[in-house]
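# Summary of structural features
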Amino acid sequence: MINTQKTKTPMPHQDAKLRINNFDEVALGYTVQQAQNEALRCLSCKNSPCTTGCPVNVDIKKFISQIVEGDFESAYQTIAKTNCLPAVCGRVCPQEIQCESKCVCGIKGQPVAIGRLERFVADWHAQRQTTQTSTCTKQKIAVVGSGPSGLACAGDLARLGYQVTVFEALHVLGGVLAYGIPQFRLPKEIVENEVENLKKLGVEFQTNVVIGKLFDVDELKNQGYSAIYLATGAGLPKFMNIPGEGLSGVYSANEYLTRINLMKAYLENSTTPILKGKKVCVVGGGNVAMDAARSALRMGSEVHVVYRRGEQELPARKEEIEHGKEEGLIFDFLTNPVKILGKDGFVVGMECVKMQLGQPDASGRRRPEEIPQSNFVIDCDLVIMALGTSPNPLLKNSTPNLQTDKWGCIVVDQNGQTSMENVYAGGDATTGSATVILAMSQGKLVAKSIDEKLKNQ
Amino acid sequence: MKLNQIVEKKQLNQVVYLMGIYNPAVANKAKAGQFVIFKHKESERIPLTIADCNSKMGIVYIVFQQAGVSTAILSRANVGEQLDHFAGPLGNATNFEKVKSACVVAGGVGAAIAYPIAKTLHSQNAKVDAILGFRSKNLVFFEEKFQTVADTHIVTDDGSYAQKGLVTYSLEQLLNTKQYDCVFVVGPLPMMKAVANLTKEYSVKTIASMNPIMIDGTGMCGGCRLTVDGKTKFACVDGPDFDAHKVDFDQLIARNKTYQQFERHAYDKYCNLLKK
Ligand SMILES: Cc1cc2nc3c(=O)[nH]c(=O)nc-3n(C[C@H](O)[C@H](O)[C@H](O)COP(=O)(O)OP(=O)(O)OC[C@H]3O[C@@H](n4cnc5c(N)ncnc54)[C@H](O)[C@@H]3O)c2cc1C
Ligand code: FES
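Computed from a prediction, not measured in an experiment: that's the story for all the values here. (Residues numbered from 1 in each chain as written. Chains lettered and ligands numbered in written order. Predicted model: local features only at pLDDT ≥ 70, side-chain atom pairs only at ≥ 80, totals over all residues. Heavy atoms only, no water.)

Another aspect to go through is the overall build of chain B. Of regular secondary structure, chain B possesses nine helices and 15 strands. Its C-alpha atoms give chain B a radius of gyration of 18 Å, near enough to 19 Å, the size a compact globule of 276 residues would have. Counting across all 276 residues of chain B, residues that qualify as buried make up 58%. Long-range contacts, defined as pairs at least 24 residues apart, comprise 63% of the intrachain contacts of chain B with a sequence gap of at least 6. A total accessible area of about 11,900 Å² is found for chain B, and carbon and sulfur atoms account for 48% of it. The averaged location of the 25 negative side-chain charges in chain B is 4 Å from the averaged location of its 32 positive side-chain charges. (Helix = DSSP H or I, 4+ residues; strand = E, 2+ residues; numbered from the N terminus. Rg over C-alpha atoms; globule rule 2.2 N^0.38 Å. Buried < 20%, exposed > 50% of the residue type's maximum accessible area, 1.4 Å probe, protein only. Contact = heavy atoms within 4.5 Å. Areas by Shrake-Rupley, 256 points an atom, 1.4 Å probe, with all protein chains shown as cover. Lys, Arg positive; Asp, Glu negative; His and termini not counted. Charge placed at Lys NZ, Arg CZ, Asp CG, Glu CD.)

Residues and elements named next belong to chain A. Overall, the coordinates contain 15 aromatic pairs over all chains when judged by the stated rule. Ring centres of Phe23 and Tyr266 lie 4.1 Å apart, and the angle between their planes is 25°; on these two criteria the pair is classed as stacked. Remark: Tyr266 occurs in the loop between helix H13 (253-262) and strand E7 (279-283) and Phe23 occurs in the loop between helix H1 (16-19) and helix H2 (32-39); sequence separation between them is 243 residues. The class for Phe23 is buried, based on a relative accessible area of 6%. A residue is classified by how much of its surface remains accessible, and Tyr266, at 23% relative accessible area, is partly exposed. (Phe/Tyr/Trp six-rings, centres within 6.5 Å; stacked < 30°, edge-to-face > 60°.)

At the interface, 39 residues of chain A touch 41 residues of chain B. When chain A packs against chain B, close to 3,200 Å² is buried across both sides, 58% of that on carbon and sulfur atoms. For the pair chain A and chain B, the interface holds one salt bridge. A salt bridge links Glu219 of chain A to Lys29 of chain B, with the nearest nitrogen and oxygen atoms 2.6 Å apart. Counting every contact that joins chain A to chain B gives 17 residue pairs in polar contact (both at pLDDT 80 or more). Sorting the residues of the side of chain A that touches chain B by element identifies strand E5 (236-237), strand E6 (250-252) and H13 of chain A as the ones contributing at least two each. If one sorts the elements of the side of chain A that touches chain B by residue count, H13 of chain A sits on top with four residues. Here the residues of the side of chain A that touches chain B sort into 18 nonpolar, 14 polar and seven charged. (Buried area = accessible area lost by both parts, 1.4 Å probe. Salt bridge = Lys/Arg side-chain N within 4 Å of Asp/Glu carboxyl O. Polar contact = N/O pair within 3.5 Å; in protein donor to acceptor, adjacent residues only side chain to side chain. Nonpolar A, V, L, I, M, F, W, Y, C, P; charged D, E, K, R; others polar.)

Looking now at helix H5 (residues 167-177) of chain B. All names here are of chain B. Among all positions in H5, only Val167, Ser170, Leu171, Leu174 and Leu175 are buried. Angular distribution of buried residues about the axis of H5 spans 135°; they occupy a single face of the element. In H5, the exposed positions that point more than 90 degrees away from the buried face belong to Asn176 and Thr177. Lining the buried residues of H5 we find strand E7 (101-107), strand E8 (127-134), strand E9 (151-156), strand E10 (163-164) and helix H6 (189-201). (Arc of directions from axis to C-beta.)

What follows deals with the domain arrangement of chain B. Residue and element names in this part refer to chain B. As far as domains go, chain B holds domain 1 (5-90) and domain 2 (101-256). A straight line from the C-alpha centre of domain 1 to that of domain 2 covers 21 Å. With 19 residues of domain 1 in contact, the opposing surface of domain 2 contributes 20 residues. Together domain 1 and domain 2 conceal approximately 1,600 Å² of surface at their shared face, both sides included; 62% is due to carbon and sulfur atoms. Taken together, the connections running from domain 1 to domain 2 amount to two salt bridges. Put simply, domain 1 and domain 2 have four residue pairs in polar contact (both at pLDDT 80 or more) between them. Elements supplying a minimum of two residues to the side of domain 1 that touches domain 2: strand E2 (16-22), strand E3 (35-39), strand E4 (46-54) and strand E5 (59-65). (Domains from an automatic or database assignment.)

Turning to the packing of helix H5 (residues 72-80) of chain A against helix H8 (residues 114-128) of chain A, a few remarks are in order. All names here are of chain A. In the contact formed by H5 and H8, the axes pass within 9 Å of each other and the chain directions differ by 110°. It follows that H5 is roughly perpendicular to H8 by the angle criterion. H5 and H8 meet at a crossing whose hand is left-handed. For the pair formed by H5 and H8, the contact residues are Phe72, Glu73, Ala75, Tyr76, Gln77 and Ile79 on the first element and Glu118, Phe120, Val121, Ala122, Trp124 and His125 on the second. Here the residues of the contact of H5 with H8 sort into eight nonpolar, two polar and two charged. (Axes fitted to C-alpha atoms, helices over the stretch in contact; angles between N-to-C directions. Parallel < 35°, antiparallel > 145°, perpendicular 65-115°, else oblique. Left-handed = near helix turned anticlockwise from the far one by under 90°.)

This model, assessed by the stated rule, comprises 30 salt bridges over all chains. Across the pair Arg19 of chain A and Glu326 of chain A runs a salt bridge whose closest N-O atoms are separated by 2.8 Å. Separated by 307 residues along the polypeptide, Arg19 of chain A in helix H1 and Glu326 of chain A in helix H15 (residues 318-327) bring together distant segments of the chain. A salt bridge links Asp52 of chain B to Lys119 of chain B, with the nearest nitrogen and oxygen atoms 2.8 Å apart. Remark: Lys119 of chain B occurs in helix H3 (residues 110-123) and Asp52 of chain B occurs in strand E4; sequence separation between them is 67 residues. Judged by its relative accessible area of 15%, Asp52 of chain B falls in the buried class. Taken together, the salt bridges that share partners define one network made up of Arg19, Arg185, Asp291, Arg294, Arg298, Arg317, Glu319, Glu320, Glu326 and Glu327 of chain A.

Residue and element names in this part refer to chain B. Taken together, seven strands build an open sheet; the order of strands is E10-E9-E8-E7-E11-E12-E15 and the sheet is mixed. The outermost strands of the open sheet, each flanked by one partner alone, are E10 and strand E15 (241-243). In this sheet, E8 lies alongside E7 in parallel orientation, the contact comprising seven bridges. What sits directly across from Ser101, in E8, is Lys127. (Pairing = 2+ DSSP bridges.)

Moving on, we come to helix H11 (residues 188-201) of chain A. All names here are of chain A. For H11, with 14 residues, the first-to-last C-alpha span of 20 Å sits near the 20 Å given by 1.5 Å per residue. Along H11, the positions that sit buried rather than exposed are Lys188, Ile190, Val191, Glu194, Val195, Leu198 and Leu201. Buried-residue contacts for H11 involve helix H6 (86-92), helix H9 (148-159), helix H10 (176-179) and strand E3 (204-206). Following H11 by one or two positions, Gly202 has its phi on the positive side, about 110°. (Expected span 1.5 Å × (residues − 1).)

The next subject is the domain arrangement of chain A. Residue and element names in this part refer to chain A. For chain A, the assigned domains read domain 1 (16-126), domain 2 (140-235 + 390-456) and domain 3 (239-387). The distance between the C-alpha centroids of domain 1 and domain 2 comes to 27 Å. Contact with domain 1, which involves 20 residues of that partner, is made by 20 residues of domain 2. Taken together, the two surfaces of domain 1 and domain 2 that pack against each other cover about 1,700 Å², and 76% of this comes from carbon and sulfur. Together, Cys84, Leu85 and Val92 form the three largest contributors to the area buried by domain 1 at its contact with domain 2, with a combined 31%. Where domain 1 touches domain 2, the interface holds zero salt bridges. Where domain 1 meets domain 2, there are two residue pairs in polar contact (both at pLDDT 80 or more). Classifying every residue of the side of domain 1 that touches domain 2 by side-chain character gives 13 nonpolar, three polar and four charged.

Following this line, the structure appears as structure tokens:
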């Protein structure tokens, strides 16, 4: 019996007034009843359009029908066939442009809340999971970087019996999931849980190892690693190169978020400092900008999101924009900074210019153009630049034979193989900043390629 | 021995400590000018330049001045203890190519960072002068170590030992009589700025080892940025060495004061906690 409700079953949330005073998770997850109610909205379309919208083609119709049947563990296994990080993806995937955008229910009402159901199943499984182990006796594989791409590759290879070592530059595992995406959107326990599962599977983790500095790629080969997967992400922050960016009180979003997420600067007794602005301007409109802005709200600031295009063009996940609005973010659309103003070395304001949208550019989005003589100043004492990131050149600089393109992305073929023998790459390191699910799927692809290559040797 | 275990600890003066850390991979790889990032217990992630290495024994030596909470936590760690986190070697090695004669100028705890520079230059048969500046006699350290690799001149601010005055005074005298391929300078920012201004007058190439605030040390946060020749550079991946004549010292002096208030407060709190 199908539930004909036109809208998604509401997700319980922490109240906006309360949550801006803490870093606890905003969305609280479905109960069994809510999940089954939502699952009943699925029309079980014959051609499963939703699955075609999923970058890893999760069999969505099947896992939703298993929720209806109350067989949550089987639902988990269905997802896990192609997605090894469902608890993460259920929370951070941009479902509205992926699976849910294809849902037939979305034509006359809201699509089925596939992301919320995925999260429900993953959380259900996490609370009851039995430990999976594996005997790793095949060749040694090195994975560089412990973001979603590295974790996915390591997991698949360990399950196939390879001895996997993950090298991570930072002291904490998880990549962007650990240092970038805040606690209130993705609790760190979820990432830790995924890492623990991999450890039980037999994956070895070495933190504080910067490949390219401590060991280079050739040295890893000499240490007996038969294949190497480079999943080093795209961590290099961009700046605007406008006057005043060197002032105290100008952060990259990476720095601001790292201070908060990785170094826990929001806690009273943290030794890592962070400037708490009275009025903060976050420049940009993507997920990173939303995360920085909503973190700043929680640090007690008035927060403006300054974006050079309009509301329609905001690239962030819809849910984050809505949550941000509920929490009191102020959006200054069609506004672009030209100069940051300082006094005694600290930020006191940001000079901006008004923009208008012109003709569509190569990306199909209308190009923002400056309105002459529309300059004005926003008084503020903190500026956070969330303009995007590019791959870190550190690894490339120490690996001259590794081919990269003009944006610094590592060049790979359809199997994820780089210009170097038995060296593979994937995730943001090859695409520039993208999504968790794409990074993960490339990790899985490379695990397959490595197995194909090595199993006959 | 265990990884990242403290195998040696020596107090070089009231506030400066030397520690030997067991980490064979880092000891094997590190070159003069590179640094490590440590994090221990509740400390921040703090960069420290590598002062020396014993690759046979697998020991990395660091020298640090107890200045805030994080270095206070480190200074209280004892031989036998394992540091929680120790990553390196980071940054680029100092470039000594074609340097046949050089003057190494250091102030305070910078002497520790300058030592591997002088040692490397000496080992490639360069003529090396070293000028080490300290506030007063009881703060002088590494004098004998330097004497084995360089013609060493000590200056003290208060004249309580050797020559009274600032490093620039001695440097000017040497610049008047000698030709250097390069001057290397390590120390507090105002001192490096003064040295850069002086050597510019003499048109002597000068390399400064920069020490901005860092977090990751891998180019991910941009917190360590500074302006060199009008361009934004990240000290951790583009440096830490830069052409001293092109560095915007004033900007970095201001940036390094970003957390002054917080740090003083945190340090007082930490000291009070210890008293309890
Ligand atoms: C604030 C923020 C919010 C985001 N929100 C979303 C979202 O809502 N939804 C979504 O789908 N995507 C989101 N993204 C993008 C997503 O997080 C990334 O696409 C994804 O994490 C990329 O995974 P990765 O494994 O390729 O790289 P990363 O997660 O970047 O991991 C790379 C790891 O490699 C390590 N490393 C780098 N160089 C070396 C080296 N030389 N040696 C050893 N280790 C090294 C790094 O320290 C890092 O831990 C967000 C990104 C950010 C920054
Ligand atoms: S310390 Fe973070 S980029 Fe240099």
